[in-house]
Amino acid sequence: MVLSNQELEELVRGKGPCIMPVYPDMPIGENQVQAASFDFRIGKKAYCLRTASLPRRNESIEDLVKKYGRYSFDLKQGGGGNVLERGLCYIIPLAESVALFSDLKGKVSPKSSIGRSDIFCRVLIDRFPYYD
């Protein structure tokens, strides 16, 4: 089942939201709810890793950062000129969190980011050894 933008609005701004902002100073914008989709944003920090890795069934993304992290840096909000080096792997947490109701399933597609930014994107989830 594909949700309409009105149903997505209810998941974001309804009585029991399941899509919530991670940062109080980065509220969910009106333009993030699209027809049958929600546009997630990157958060405030990036972590450069020694190697690409997927979490094991007992690992969180935070565990991967602790295990393989090289360094971290704050991202400049508003398109202020961050540079990601070619050939390195980064984990950049999203600015929104999701806790879907048991009768809902989600699908993630980073395709627009790949084409727009010429980067290879994948979405990782805690304790889930697959991406996207």
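Relevant structure appears above.
Numbers given for residues are sequential positions, taken from 1 along each chain in its written order. The model is predicted, so local features are restricted to residues of pLDDT at least 70 and side-chain atom pairs to those at 80 or more, both for listing and for counting; the totals for chains, interfaces and linings are taken over all residues. As a rule here, side-chain values cover all heavy atoms of the structure and leave hydrogens and water aside.

Visitor: Sorry if this is basic, but what is going on with the packing of aromatic side chains here?
Guide: The geometry of an aromatic ring pair is captured by the separation of the ring centres together with the interplanar angle, meaning the angle of the planes. The aromatic pairing rule takes the rings of Phe, Tyr and Trp, using the six-membered ring of Trp, and pairs them if the centres are within 6.5 Å, calling planes under 30 degrees apart stacked, those over 60 edge-to-face and the rest tilted. Following the criterion strictly, the structure yields four aromatic pairs and no others. Ring centres 4.8 Å apart and planes at 70° place the aromatic pair Phe-38 and Phe-40 in the edge-to-face group. Its relative accessible area of 35% is what places Phe-40 among the partly exposed residues. Through pairs of rings, three or more aromatic residues link up here, namely Tyr-71, Phe-73 and Tyr-90. Whether a residue is buried, partly exposed or exposed follows from its accessible area with a 1.4 Å probe, protein chains only, as a fraction of its type maximum: under 20%, in between, or over 50%, in that order.

Visitor: What am I meant to see in the pattern of salt bridges here?
Guide: A pair can form between side chains of opposite charge whenever their charged atoms are brought close. Any carboxyl oxygen of Asp or Glu that lies within 4 Å of a side-chain nitrogen of Lys or Arg is treated as forming a salt bridge with it. Per the counting criterion, the structure on display carries seven salt bridges. Salt-bridge contacts for Arg-13 lead to Glu-9; the nearest nitrogen and oxygen are separated by 3.0 Å. A residue pair is termed a helical-turn pair when its members lie 3 or 4 positions apart in one helix, as Arg-13 and Glu-9 do in helix α1 (residues 5-13) at four residues. The class of Arg-13 is partly exposed, set by a relative accessible area of 36%. What counts as a helix is a DSSP run of H or I of at least four residues, what counts as a strand is a run of E of at least two, and both are numbered from the N terminus.

No statement about biological role is implied by the geometric values presented.
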